[in-house]
Amino acid sequence: MHLSSKSFTAITSLFVITISAVALQGPVEKVAPTPTATNSTTSIQGQTSETTWKVDDTHSMGLFRVQHSGAGMFWGRFDDVSGTVTTNGSGAQALAMNIAIDTNSVSSANKDLDGHLRSPDFFSVKEFPTMTFISTSSKKLDGNMWEVSGNLTVHGVTKPLTANVEMTGQSESVRGKKIGFEAVFTMDRGEFGMTYGIEKNAIGKNVRIIVALEAGAS
Amino acid sequence: MEMEILLYAIALPSFVGVMFSYCGNLARKISVLTGFNGCALAATLLLSSMSQESLIQFASQNRWLWFPLTTFMIAVLTDACGLFKKIMPLRIYIACAVIILGAALLLIPSWDNLSRRLFLGVAVGGCATVLVLVVEKRKCFSTSLALSFSLIAPSVLAMLSGFAKLAIPLGAVAFCLGIISLIELVRQMRGRKCLGLGVGGGVVVASIAGLGSATGFGYDTTNIPIWIWVLSAAAPLGLCLGEFPGICSRQIPSACARICGCVILAVVAILMCVLFQNSSASSLYK
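In this text, all values refer to a predicted model and were calculated from it rather than measured experimentally.

*Asks:* Mind showing me how you'd approach the overall build of chain A here?
*Replies:* Scanning chain A for helices and strands turns up 2 helices and 11 strands. When the elements of chain A are put in sequence order from the N terminus, they spell out α-β-β-β-β-β-β-α-β-β-β-β-β. When each of the 218 residues of chain A is scored for burial, the buried share is 30%. Partitioning the intrachain contacts of chain A with sequence separation of at least 6 by distance along the chain shows that 56% fall at a separation of at least 24.

*Asks:* Just checking my understanding: could you explain the interface of chain B and chain A for this structure?
*Replies:* How big an interface is tends to be stated in terms of accessible area lost as the parts join. The interface of chain B with chain A comprises 21 residues on the first partner and 18 residues on the second. If you list the elements that add at least two residues to the side of chain B that touches chain A, you get helix H8 (164–189) and helix H9 (198–219) of chain B. Among the residues making up the side of chain B that touches chain A, the classes are represented as 7 nonpolar, 10 polar and 4 charged.

*Asks:* How should the nonpolar core be read in this particular structure?
*Replies:* Across soluble globular proteins, you tend to see nonpolar side chains buried next to one another. One finds B:Leu41 and B:Leu157 to be the most contacted residues of the largest nonpolar core, which totals 88 residues. B:Leu41 has contacts with B:Gly17, B:Ala75, B:Val173, B:Cys176, B:Leu177, B:Gly201, B:Val204, B:Val205 and B:Ile208, leaving out every residue within four places of it along the chain. Listed in part, the 40 residues of the second largest apolar core include A:Val81, A:Ile101, A:Phe123 and A:Val154.

*Asks:* In this structure, what is going on with unusual backbone geometry? I would like to understand it.
*Replies:* Note: most peptide bonds trans; most residues except glycine with negative phi. At A:Ser69, a position not held by glycine, the phi torsion is positive, near 55 degrees. The exposure class assigned to A:Ser69 is partly exposed, which follows from the 13 C-beta atoms found within 10 Å. Even without glycine at this site, B:Asn223 takes up a positive phi of about 60 degrees. With respect to the helices and strands, B:Asn223 occurs in the loop between H9 and helix H10 (226–233). A count of 11 C-beta atoms within 10 Å places B:Asn223 in the exposed class.

*Asks:* I'm lost on helix H5 (residues 114–137) of chain B in this one. Help?
*Replies:* An α-helix turns once every 3.6 residues. As a result, residues three or four positions apart point the same way. All names here are of chain B. For H5, built from 24 residues, the straight-helix expectation of 34 Å at 1.5 Å per residue is met to within 8% by its first-to-last C-alpha distance of 34 Å. All of the buried residues in H5 are Arg 117, Leu 120, Gly 121, Val 124, Gly 125, Cys 127, Ala 128, Leu 131, Val 132, Val 134 and Val 135. Contact partners of the buried residues in H5: helix H4 (91–105), helix H6 (141–150) and H9.

*Asks:* Would you mind showing me how to read the pairing of strand E10 (residues 176–188) of chain A here?
*Replies:* Regular strands place side chains that alternate from one sheet face to the opposite one. All names here are of chain A. Sheet topology places strand E9 (residues 157–173) next to E10; 9 bridges connect them, and they run antiparallel. Counterpart to Met 167 in the pairing with E10 is Phe 181. The antiparallel hairpin formed by E9 and E10 contains 2 residues in its connecting segment. Taken together, the 11 bridges between E10 and strand E11 (residues 203–217) define a ladder with antiparallel strand orientation. Bridge pairing links Met 187 to Val 207 in E11.

*Asks:* Sorry if this is basic, but what is going on with the packing of helix H2 (residues 37–52) of chain B against helix H3 (residues 66–81) of chain B here?
*Replies:* Each pair of packed helices can be summarised by the angle the axes make with each other and by the distance between the axes. Residues and elements named next belong to chain B. Orientation of H2 relative to H3, taken along the N-to-C sense of each, is 160 degrees, at an axis distance of 8 Å. On the basis of their axis angle, the class for H2 and H3 is roughly antiparallel. The interaxial crossing formed by H2 with H3 has left-handed handedness. Residues Gly 38, Cys 39, Leu 41, Ala 42, Leu 45, Leu 46 and Ser 49 of H2 pack against Pro 68, Leu 69, Thr 71, Phe 72, Ala 75, Val 76, Thr 78 and Asp 79 of H3. Broken down by class, the residue content of the contact of H2 with H3 amounts to 10 nonpolar, 4 polar and 1 charged.

*Asks:* Looking at this structure, I do not really get the confidence of the model for chain A. What am I missing?
*Replies:* Interpretation of this model should avoid reading the predicted coordinates in detail wherever pLDDT is low. Residue and element names in this part refer to chain A. This prediction gives chain A a mean pLDDT of 81; 76% of its residues lie at or above 70. Looking over chain A, one finds the lowest element-wise mean pLDDT in helix H1 (residues 5–25), namely 52, and the highest in strand E2 (residues 61–68), namely 95. Of the regions scoring below 50 in pLDDT, residues 21–42 engages in 7 contacts with residues more than four places distant in sequence or in other chains.

*Asks:* What is the right way to read the environment of A:Ser108 from this model?
*Replies:* All names here are of chain A. If you trace the backbone, Ser 108 turns up in the loop between strand E6 (106–107) and helix H2 (111–118). With 15 C-beta atoms packed within 10 Å, Ser 108 lands in the partly exposed category. When the C-alpha atoms of Ser 108 and Lys 178 are compared, they prove to be 29 Å apart, with 70 residues separating the residues in sequence. The contact partners of Ser 108, leaving out residues within four places of it in the chain, are Gly 76, Leu 113, Asp 114 and Leu 117.

*Asks:* Explain the packing of H6(B) against H8(B) here, please?
*Replies:* Residues and elements named next belong to chain B. It is at 8 Å that the axes of H6 and H8 come closest, and there the two elements cross at 165 degrees. The orientation of H6 relative to H8 falls into the category roughly antiparallel. Crossing of H6 against H8: the hand is left-handed. From H6, Phe 141, Ser 144, Leu 145, Leu 147 and Ser 148 reach across to H8, where they touch Ala 174, Leu 177, Gly 178, Ile 180, Ser 181, Glu 184, Leu 185 and Gln 188. In the contact of H6 with H8, the residues fall into 7 nonpolar, 5 polar and 1 charged.

*Asks:* So what exactly am I meant to see when it comes to the pairing of E2(A) here?
*Replies:* All names here are of chain A. For E2 and E11, the ladder comprises 7 bridges, and the chain directions are antiparallel. Of the residues in E11, the one forming a bridge with Arg 65 is Arg 208. Summarising the sheet, E2 and strand E3 (residues 73–78) pair through 6 bridges and their orientation is antiparallel. Opposite Gly 62, over in E3, you have Phe 78 as the bridge partner. Between E2 and E3, which pair antiparallel one after the other, the connecting turn spans 4 residues, and Ser 69 there sits at a positive phi close to 55 degrees.

*Asks:* How should H2(B) be read in this particular structure?
*Replies:* With 16 residues, H2(B) should cover 22 Å at 1.5 Å per step; its first-to-last C-alpha distance of 23 Å lies within 8% of that length. Counting buried residues in H2(B) gives 15 out of 16 residues, a clear majority hidden from the surface.

Cut-off values and rules
- Residues numbered from 1 in each chain as written.
- Chains lettered and ligands numbered in written order.
- Predicted model: local features only at pLDDT ≥ 70, side-chain atom pairs only at ≥ 80, totals over all residues.
- Helix = DSSP H or I, 4+ residues; strand = E, 2+ residues; numbered from the N terminus.
- Buried ≥ 20, exposed ≤ 12 C-beta atoms within 10 Å, placed from the backbone.
- Contact = placed C-beta atoms within 7 Å.
- Nonpolar A, V, L, I, M, F, W, Y, C, P; charged D, E, K, R; others polar.
- Core = buried A, V, L, I, M, F, W, Y, C linked by C-beta atoms within 7 Å.
- Expected span 1.5 Å × (residues − 1).
- Pairing = 2+ DSSP bridges.
- Axes fitted to C-alpha atoms, helices over the stretch in contact; angles between N-to-C directions.
- Parallel < 35°, antiparallel > 145°, perpendicular 65-115°, else oblique.
- Left-handed = near helix turned anticlockwise from the far one by under 90°.
- pLDDT = per-residue confidence, 0-100.

Here it is as structure tokens:
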């Protein structure tokens, strides 16, 4: 096969350009595989039967956010979250939650403030050591989102409440099956009898609570 | 916010308390009544507490409100005894019985044991008996002033433990007592006879210090040692310093000793609490 001088020049030029482009781009990186399909599925995978997941208190926590002095947002956390999550794939009870938070585990990274948060001005931890959320129904939304309704008990008062729950992931390893959720809801603390600072607008009435859960199949 | 607390939680309840006390003193002049100083102080405590927390549903939540309610009951029953001449000599025994009943009714977390609450009632009743004997003997502005200083101890301890809702009403009662002592000082300076706090006042101060400290201890999550709470509850007993031989016979040294006794006990309790909290904080970050 004979190549004309024009064709040879064109092929050579193309080769040089390609080599140069690759050289300028740097080493070729392997494309990471996409996360396991469970992260993006629209339903809880493999749930033909009911599974009860026990909340891993080490890798679960609660956060709360409230407005301070009508200005900034103050964040605090609860370190001790426990309970169970039940999944069964479909129906109104596809996702059921029974979550308890130890109010004594409230933390704001300030010792004096923690003492105040534990006092009867706020959580009154000696009187009400736990706050609980027990679901009554759930509704599947788009993607990994769920709307879970239930009863929230804080400060000795129980009120119905709906939380937006995202299933953040599901995996299986040598440590067993794991599932993750993130629940977000807003509560009016005045309705639960925690009125300190509301009238004077020193501390906001509405508290946003985020509960991050990691649970293992029990 | 601070102005609103000063007005609604301290100034207004104290004003009501002083008015109560004044009306009671007027009644003392015209009849056998022994005044309403107990009710005056208890009303200040209750009104100030109500400015902090709604009384609605106090039985199921905000159970610390049992403390001002119990104190008010003690005050009403003790002052009511003053209406009946026949039982006047028995007032102190009746007052002690009422304190024990009041302590038994208290709802303090982790104090479900009735015998523990009865022991608290007996201890506070004992303090009240001693206090009433001194209060009745020393009808002087210095007595009210000393008791005013003594109530600062449980108030500050409650504040240091993070329980502001309890600290403010206790502070309001201390403020009310301070105003009452000023009024008595003015009366004394005008050469009039000082009426003193009476049995009701003494009983209620002992109840507020004792039951208030117990409530603060029950709700405390900062682990302030119990003996510091006991010290703050016993601060009104500093009055007894003015009864020491050699001092008790002289008016001015005795008055100074009463004030010093209460101030010393209160300051020691507060200092111990601050030192304890600082030491526990430093050990936390070692």
